[in-house]
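# Secondary and tertiary structure notes
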Amino acid sequence: MLQVSPKMLPRLTELEKDLLLRRKRAEEEQWLGEIEGIDMTLTFLRTSRQRLHDSHAELPSIWDFRGHVTRRTVSKPLSQQTIQRLAFVRFLHEQGVAQSAQPEPMSAAAILSFQDAVEHFLLVSADHLGVNLPSSMQFMQYWEKLQPALSEGQVLPSKQALGRINKLRVDLKHHGNIPSSHAIAQAKADVATFFTDATKMIFSVDFETVDMADLVAHAGVARLLHEAHTHFVVKDIVSAMAGLALAFEELLDHYTDRSSAAWGRSPFSFGKEVPTFRPEKDERGTPLARQVSALTSAALEMRQAMQVMALGIDYARYVHFNVLVPALSRYWNGRIVINVTDMDKAMTVDDYQQARLFVIESALQAARADATFARMDVQFPQDVDIDIEQWPWTGAAGSGD
């Protein structure tokens, strides 16, 4: 069962404020469909917040290692940098989980991701606890170095289990020994246990509440990811998957619709949008109408595929993502409707996590294009006349007259 930390309460409050502002704008513009969608999201968000209040009315006690009941150690507040670094840890861990599901021998890469995730977590922990680490140290020394900063009776968990994972990594990376599927499955379970226990111990939050969406720079995409997650928290996976579909659409539109003075359009747009072909009534069903319709569909699909690949997004994973998320219908008044099939209703928690990881990875990958736009804005500023000189090409240096 998903356990949600009280740390999410401020985030849910921020989401509610944003939704209320959007609802006010929708009322002013008479966007009835938008109002309906916002009201539904507000209902789920408030239900989720109430559940958080109910389930965390009292800070639970935990057992220390001497068998005595004690209150959970209150950690210092998490800085925004720490939150983002923990989000990156979660990102690396989710990558490892996805890699572990690959066929052999590709699944072996999970061991490297698991080790990287744990080591980065230990580095973040050291900074959070104020522990100065030497510039060079062995992986297993983290337990020794961090121990003095922990509360009395606390011991950093999973030392023996993570020692086995470290050995698997060394054997793989330095000796070329591929770990067995059983060893990978055990490593996956051990790492999950470590993050569950250690995150509560050091940061006083649940690892599951660390949100990878904090890594996404684009505000619109991050907002939709957060909104989708509010549906997931209340176990409405269909709506959560629809939110992920909207987040990916927002991501693609951001880069493909963005114009610049240099190009007049985004270099990732690949031409103007192809309008849907609608033949006249007396032309419907004719060979020409069928051919034009087929060519239009092909052009639309190829254009979108080129946009996805140009942004560095894995096209095969994009296709799989489209299979997972429900189809959406948009109406002129702003209303968005989820077209739900029996297959959509059968989506699982793993499907949601896989789809969400894809959107976040795609956002991080596409963000490389921001540097291109920034360079174009500097090199070709708007409303500025640019002097262009023409220099002849002379071949190799020094070969000209």
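Residues numbered from 1 in each chain as written. Predicted model: local features only at pLDDT ≥ 70, side-chain atom pairs only at ≥ 80, totals over all residues. Heavy atoms only, no water.

## Considering the overall build of the protein
Stated formally: Strands are runs of DSSP state E lasting at least 2 residues, helices are runs of H or I lasting at least 4, and numbering of each runs from the N terminus. Relative accessibility thresholds used throughout: buried, under 20% of the residue-type maximum; exposed, over 50%; partly exposed, between the two (1.4 Å probe, protein chains only). Note on contacts: a residue pair is in contact if any heavy atoms of the two residues lie within 4.5 Å. For the accessible areas, the method is Shrake-Rupley and the probe is 1.4 Å, while residue cover comes only from the protein chains on display.
Looking only at helices and strands, one finds 14 helices and 4 strands in the protein. Out of the 401 residues belonging to the protein, those deemed buried represent 40%. Partitioning the contacts of the protein with sequence separation of at least 6, the portion at a separation of at least 24 is 69%. As presented, the protein carries roughly 23400 Å² of accessible surface, and 54% of it is formed by carbon and sulfur atoms.

## Let's talk about the confidence of the model for the protein
Low pLDDT marks stretches whose predicted atomic positions should not be read closely. Here is the rule: The pLDDT value expresses, per residue, how confident the predictor is, ranging between 0 and 100.
This prediction gives the protein a mean pLDDT of 81; 79% of its residues lie at or above 70. Here residues 1-5 scores under 50 on pLDDT; set against residues more than four positions off or in separate chains, the count is 17 contacts. Throughout residues 55-74 the model reports pLDDT below 50, and contacts reaching past four residues in sequence, or to other chains, amount to 28 contacts.

## Quick look at a nonpolar patch on the surface
To keep things clear, this is the line we draw: Only residues whose relative accessible area exceeds 30% and that form no salt bridge enter a patch; like-charged residues are grouped when within 9 Å of one another, and nonpolar side chains (Val, Leu, Ile, Met, Phe, Trp, Tyr) when within 5 Å. The term salt bridge refers to a pairing of a side-chain nitrogen on Lys or Arg with a carboxyl oxygen on Asp or Glu at a separation within 4 Å.
Side chains of Phe 270, Met 306, Met 309, Tyr 315, Val 319 and Val 323 sit close together on the surface and give an oily, nonpolar patch of about 520 Å² of accessible area. Taken together, the elements giving at least two residues each to the nonpolar patch come down to α10 (287-310) and α11 (315-324). In terms of residues, the nonpolar patch owes the most to one element, α11, which gives 3 residues. When you line up the elements, Val 319 lands in helix α11. For Val 319, a relative accessible area of 37% translates into the label partly exposed.

## Some remarks on the packing of aromatic side chains
Here is the rule: When two rings of Phe, Tyr or Trp (its six-membered ring) have centres within 6.5 Å they constitute a pair, described as stacked for plane angles under 30 degrees, edge-to-face for angles over 60, and tilted for the intermediate range. We call a charge positioned above a ring when the Lys NZ or Arg CZ atom is no farther than 6 Å from the ring centre and deviates by at most 35 degrees from the ring normal.
Under the defined criterion, the tally for this structure stands at 15 aromatic pairs. An angle of 25° between the planes, with centres 6.2 Å apart, marks the rings of Phe 88 and Phe 91 as stacked. With Phe 88 and Phe 91 both in helix α3 (residues 80-100) and 3 residues apart, the pair spans about one turn of that helix. Here the aromatic residues Phe 121, Phe 139, Tyr 142, Trp 143, Phe 194, Phe 195, Phe 203 and Phe 207 are joined through ring pairs into a cluster of three or more. The ring of Phe 207 carries the charged tip of Arg 90 above its face, separated from the ring centre by 5.7 Å. When the ring centre of Tyr 331 is taken as reference, the NZ or CZ atom of Arg 335 above it lies at 6.0 Å.

## Quick look at the pattern of salt bridges
Inspection of every chain in the model, using the stated rule, returns 9 salt bridges. Two residues, Asp 171 and Lys 167, come together in a salt bridge whose shortest N-O distance is 3.1 Å. Residue Asp 171 and its partner Lys 167 are both found in helix α6 (residues 159-175); the two are separated by 4 residues, about one turn of the helix. The class for Lys 167 is exposed, based on a relative accessible area of 53%. Between Arg 317 and Glu 361 there is a salt bridge; the shortest N-O distance is 2.3 Å. Separated by 44 residues along the polypeptide, Arg 317 in helix α11 and Glu 361 in helix α13 (residues 349-366) bring together distant segments of the chain. Its relative accessible area of 15% is what places Glu 361 among the buried residues. One network of salt bridges, in which partners are shared, links Arg 90, Glu 94 and Glu 208.

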